[in-house]
Amino acid sequence: MTDTTDDIAVEISFQSYEDDCKMLGNLLLEVLQREAGVQMRDKVDRNRILAQSACNMRMAGIDDTAELLEKQLVSEISKMSTEEALTLARAFSHYLNLTGIAEVHHRVRRQKKVASLSKSCDDIFNQLRQGGVPPDQLYDTVCKQVVEIVLTAHPTQINRRTLQYKHLRLSNLLDYRDRHDLTSEDRDMVIEDLVREITSIWQTDELRRHKPTPVDEARAGLNIVEQSLWKAVPHYLRRVSTALKKHTGKPLPLTCTPIRFGSWMGGDRDGNPNVTAKVTKDVSLLCRWMTIDLYIREVDSLSFELSMNRCSDGLSKLAHDILELESKYDVHQSWNHHCFNRNQVKQQAAALPTQLPARADQPSCTECNVGQSHYPRSEFPRTARPGPLKQLDVPESSLPKSPSQNSLSSMPKSPSQNSLRNASLVAKRRMFAESQVGRTSFQKLLEPTPTQRSGIGPYRIVLGNIKDKLMKTQRRLELLLEDLPCDSDPLDYYHTSDQLLEPLIKCHESLQECGSGVLADGRLTDLIRRVATFGMVLMKLDLRQESGRHAETLDAVTKYLDMGTYSEWDEEKKLEFLTRELKGKRPLVPPKMEVASGVREVLDTFSVAAELGSDSLGAYVISMASNASDVLAVELLQKDARLAVSGEIGKPCPGGTLRVVPLFETVKDLREAGSVIRKLLSIDWYRDHIIRNHNGHQEVMVGYSDSGKDAGRFTAAWELYKAQEDVVAACNEYDIKVTLFHGRGGSIGRGGGPTYLAIQSQPPGSVMGTLRATEQGEMIQAKFGLSQIAVRQLEIYTTAVLLATLRPPQPPREQKWRNLMEEISKISCQNYRSVVYENPEFLPYFQEATPQAELGFLNIGSRPTRRKASTGIGHLRAIPWVFAWTQTRFVLPAWLGVGAGLRGVCEKGHTEDLKAMYKEWPFFQSTIDLIEMVLGKADTFISKHYDEVLVSESRRHLGDELRMELLGTEKVVLVVSGHEKPTGGNNRILRRLIESRLPYLNPMNLCRLRH
């Protein structure tokens, strides 16, 4: 059980949830009996009953009986063979997944039944209007709001994507089973389908057998967009627009979107040598390809819908111009075709397909999966059609693999690797693509000829032209992915979203003008809003690199130029050098300078960033930033690369420079964050650069994971709060706007927690209509895997940021509260560090008591578990640090030090002050609530059992001391919150959900220990 939580655990009714869990559990037992036999099924059921009885005794406070039952459970599991134990663990693991599916299903069901959901746009807009916010202010704030959700590839998603798809299918079957019009035969068929899916899941290997590549991780992010967000975004924007019109009288503007998406998948190279410059370029191009592919499908469906002839004069003229241009083009191509020599004609004639492709006999709109699977699979980039290419004597080995062969994992080779290809291949491909035969391949066979087009409706002519340009754009991207020459006319393809929006908006205006607003506000509006949200790249890719790598690169440059060693200079000398070079107009890095491979990779990354520009990429994030020079170093390397690339291509680089974002992670760096920003903004060049190139907007990222590992969760939370206050104050001093980028993990130990609660507890003034936040690993699937849940999450982001902007959370009521926080934080940090970093016995205890070493062998991420090769905790990444303690149910990183800090203040007579802080200060309340929730998931019995089996007898006393500290922490936290037990208060449903899973979790933990 992880220490994750979400915003909508309260949104579930137990009325039929438990019935569904029981039904799914019985189906799983049937499958188990068929697959493993009756005897194994009975063993699984007996262990479940034992575990359930022990949990019931624990909850009733009858500890002696509970202990006897737990010992019997241990004995039963110990007698099992390894194969039987594995079957037991698999059965309980699958059951937990099934209960999770049922839980999500019932959240969605409740959303459908409730007239007005809490925290929805309608609810919050109404609250703000009732609270005195003028309608114009509400409207302007929503329209100007900018929230960006950044999906990352952090290795916390255990489930294979195959199983995720199967789980989605189960969810859809549960949803279908709720229909009231089903006959008894229909319901029996649903049960049969459920059994088939569960059987398929049982027979599927749960584990990845190979580590995913960065491209695999990027593909997973694209799949989330395709399966869920693509449908969720228009639905979410309709909710925003409807609520705005209801409460302000005006709908959301057509191209306005309060939420956008970014990605680190394929761009996060911090400690991950597998993310190279080429990977970043390929992933960026792939994102563009996928975007175009999705737009082509939507335009197809829209063409089928907009079949009318009545239109505005403007659209009529546009359609006429398109027909005229195509007519001229066809005459020109026909003349060129007749000029080919006889051999060319014979060769191309043989390239005609011998049969039509699948679904060629159906209208193109049927590709939208109406009534079919909700998870369309994209055909990933192919540079040409296999049939014709074989006729042109192209070696079969050079053809891209089919989608089923995972074409992304076999991406086109780099130019250096393709140097042995026959030059005539490129010429033949281009000749085929440009010829009349090439143009009239599969798609042209199904489309009307120019002579027939005069009778086609004007909207279809315009949309057909859009589709044609989209397909040319897609073919261009395929050539770029294959590193083949691409000399397309810029007028033949779309480069920016504005180019695509222009004809779509003309169609929308025409429908409105002709009195067909009901048609304009349907699928066409959804497509326009998708283009406004996703642009031409779906998700702009951030780049991230550790600050030391940039210093190493500048070391190589300054040494080559006989200027000394950059990293050995003091901060003032670095700033003087960097500012002088930034003001200059000549490149700094010699083009033929020989450097180490690590330095070359950094330089190549900046070259790719210059080549792609801000049209494709988002921000350049500097991890472990600690000084102003860290930011200016990136600005200099970026400027130098843009000068070099511009000289190579003979024109300015596309887009603008990337935003450079310092990431403050350790407690020390968080305390200095405000000073670093002040130093940066005091530099004239940098301040002018921010105003001129980034609209006077500075972005700053704060990291939750490493600060928590560094000083404990409580101290990290307080230092993050103060750092945000200081950064906002620094930017205000220079009249610069600021966007805070929150690098939050999924678990509480890494800064996770409910989105709404987290945003509402930020310092006043830190959320002024803008926010960036990461969603990592398993939380991406949990929050955005189903389109209905995704809509709800997007609403929660919108309303939480809106409230924090118009009704900022309360600051500490008095200075005394801040002083108490300082004292709690100081004691907490000292206690945490004295255990984790200063106790020499702790590291060997951690290595023995947890599966931290084994976690490195899990194929769940492309990056190593450590930043550097060492056995200490310092270089261990925060994810395996938290994950290891979660496996033992100790969840130590989330609570260690908290009890000592709170007790130290209570013992000085401030208990009532802490209770008042809990009731009146949102930040303090959310911090205590999250720690309390984690304490409710910790289990001293399981963690003690791990110690008894795995830990040397001489170190077991440390585990006993930590368990005593855990119980003491729980006691003092409950005193402050006023609750009877953890996860009490207003979230008893969460407590019930946790307790319902314990009979399956406990035996799984024991299986790990005994086998």
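All values derive from a computational prediction rather than experimental measurement. (Residues numbered from 1 in each chain as written. Predicted model: local features only at pLDDT ≥ 70, side-chain atom pairs only at ≥ 80, totals over all residues. Heavy atoms only, no water.)

**Quick look at the packing of helix α24 (residues 667–681) against helix α27 (residues 713–733)**
Packed helix pairs are characterised by how far apart their axes lie and by the angle those axes make with each other. The following threshold applies: Where helices are involved, their axes are fitted lines through C-alpha atoms of the stretch in contact, as for all axes, and angles between N-to-C directions lie from 0 to 180°. Secondary structure follows DSSP: runs of H or I at least 4 residues long count as helices, runs of E at least 2 residues long count as strands, and numbering of each begins at the N terminus. What sets the label is the angle itself: under 35 degrees gives roughly parallel, over 145 gives roughly antiparallel, 65 to 115 gives roughly perpendicular, and the rest give oblique. The criterion used for residue contact is that any of the two residues' heavy atoms lie within 4.5 Å. Just so you know the grouping, Ala, Val, Leu, Ile, Met, Phe, Trp, Tyr, Cys and Pro go in nonpolar, Asp, Glu, Lys and Arg go in charged, and all remaining residues, Gly too, go in polar.
Where α24 contacts α27, the axes come no closer than 9 Å and their chain directions differ by 5°. For the element pair α24 / α27, the angle class is roughly parallel. Residue-level inspection shows V667, L670, R671, A673, G674, S675, I677, R678 and L681 of α24 in contact with α27, the latter providing E719, L720, A723, D726, V727, A729, A730, C731 and E733. Residues of the contact of α24 with α27, tallied by class, amount to eleven nonpolar, two polar and five charged.

**What to know about the environment of E148**
We count it as follows: Relative accessibility decides the category of a residue: with a 1.4 Å probe and only protein chains considered, values under 20% of the type maximum give buried, values over 50% give exposed, and everything between is partly exposed. In protein, a polar contact requires one atom able to donate a hydrogen and another able to accept it; more generally it is a pair of N or O atoms within 3.5 Å, and residues adjacent in sequence count only if both atoms are side-chain atoms.
Structurally, E148 can be placed in strand β1 (residues 146–152). The class for E148 is buried, based on a relative accessible area of 15%. Between the alpha carbons of E148 and R772 there is a distance of 4.8 Å; along the sequence they are 624 residues apart. In this structure E148 touches R260, F261, G262, R659, L771, R772 and A773, once residues within four positions along its chain are discounted. Side-chain polar atoms of E148 contact the side chain of R772, separated by 3.2 Å.

**What about helix α25 (residues 684–693)?**
We apply this condition: The directions considered for the arc are those from the helix axis to the C-beta atoms.
Every buried residue of α25 is accounted for by W685, Y686, H689 and I690. Buried residues of α25, viewed axially, fall in a sector of 135°; they line one side. Two residues or fewer after α25 comes N695, characterised by a positive phi angle close to 55°.

**A few points about the packing of aromatic side chains**
Which entries qualify depends on this criterion: The aromatic pairing rule takes the rings of Phe, Tyr and Trp, using the six-membered ring of Trp, and pairs them if the centres are within 6.5 Å, calling planes under 30 degrees apart stacked, those over 60 edge-to-face and the rest tilted.
Summed over the entire model, instances satisfying the criterion amount to 27 aromatic pairs. For the pair W718 and W921, a centre-to-centre distance of 6.0 Å together with 90° between the ring planes defines the contact as edge-to-face. One end of the pair, W718, is in helix α27; the other, W921, is in the loop between α36 (911–920) and α37 (922–937), and 203 residues separate them in sequence. Note on W881 and W885: the rings are 6.1 Å apart at their centroids and 85° apart in plane angle, and the pair reads as edge-to-face. Taken together, the residues W881 and W885, both in helix α34 (residues 878–887) and four residues apart, mark about one turn of the helix. Taking the relative accessible area as the measure of exposure, W885 reaches 0% and is therefore buried.

**Examining the sheet that holds strand β5 (residues 659–664)**
As a reminder of what qualifies: Any two strands with at least two DSSP bridges between them are considered paired.
If you trace the eight strands once around the closed barrel, you get β1-β2-β3-β4-β5-β6-β7-β8, paired in parallel fashion. Between one strand axis and the next, the sheet turns through 25° on average, direction left out of account. Note: β1 against strand β8 (residues 770–776), seven bridges, orientation parallel. What sits directly across from V146, in β8, is T770. On top of the sheet, α27 reaches β6 (697–703) and β7 (737–743); it is set at about 160° to β7, its chief contact.

**Examining a nonpolar patch on the surface**
What counts here: Put simply, a patch holds well-exposed residues, over 30% relative accessible area, that have no salt bridge, with like charges counted together within 9 Å and Val, Leu, Ile, Met, Phe, Trp or Tyr side chains within 5 Å. Values of accessible area rely on a 1.4 Å probe in the Shrake-Rupley scheme; residue burial ignores everything except the protein chains shown. Salt bridge, as applied in this entry: a Lys or Arg side-chain nitrogen positioned within 4 Å of an Asp or Glu carboxyl oxygen.
A contiguous nonpolar surface patch, about 250 Å² in accessible area, is contributed by Y560, L561 and M563. Mapped onto the secondary structure, Y560 falls in helix α20 (residues 547–560).

**Things to note about unusual backbone geometry**
Most peptide bonds take the trans form, and the phi angle of most residues other than glycine is negative. A positive phi angle, close to 55°, is found at N695, a residue other than glycine. Along the polypeptide, N695 turns up in the loop between α25 and β6. Look at N695 and you get exposed, because its relative accessible area is 67%. With a phi close to 55°, D735 is a non-glycine residue in the positive phi region. Mapping D735 onto the fold places it in the loop between α27 and β7.

**Observations regarding the pattern of salt bridges**
Pairing of side chains with opposite charge becomes possible as their charged atoms draw close. Summed over all chains, the structure comprises 61 salt bridges. Note that K278 is salt-bridged to D483, the shortest N-O span being 3.8 Å. Remark: D483 occurs in the loop between α17 (458–481) and α18 (497–513) and K278 occurs in helix α10 (residues 277–305); sequence separation between them is 205 residues. For K278, a relative accessible area of 31% gives the class partly exposed. Here D542 makes a salt bridge to R772, at a shortest N to O gap of 3.0 Å. One end of the pair, D542, is in strand β3 (residues 540–546); the other, R772, is in strand β8, and 230 residues separate them in sequence. Per residue, the accessibility class of D542 equals that of R772, and both read buried. Bridged by salt links that share partners, the residues E148, D542, R659, E699 and R772 form one connected network.

**Side note on the confidence of the model for the chain**
Definition in use: A residue's pLDDT is the confidence the predictor assigns to it, expressed on a 0 to 100 scale.
Looking at the chain, the pLDDT average stands at 84 and 83% of residues meet or exceed 70. Per-residue pLDDT stays below 50 along residues 337–424; that stretch engages in 119 contacts with residues further than four places along the chain or on separate chains. Every residue in residues 434–440 is under pLDDT 50, and counting partners more than four places away or in other chains gives 16 contacts.

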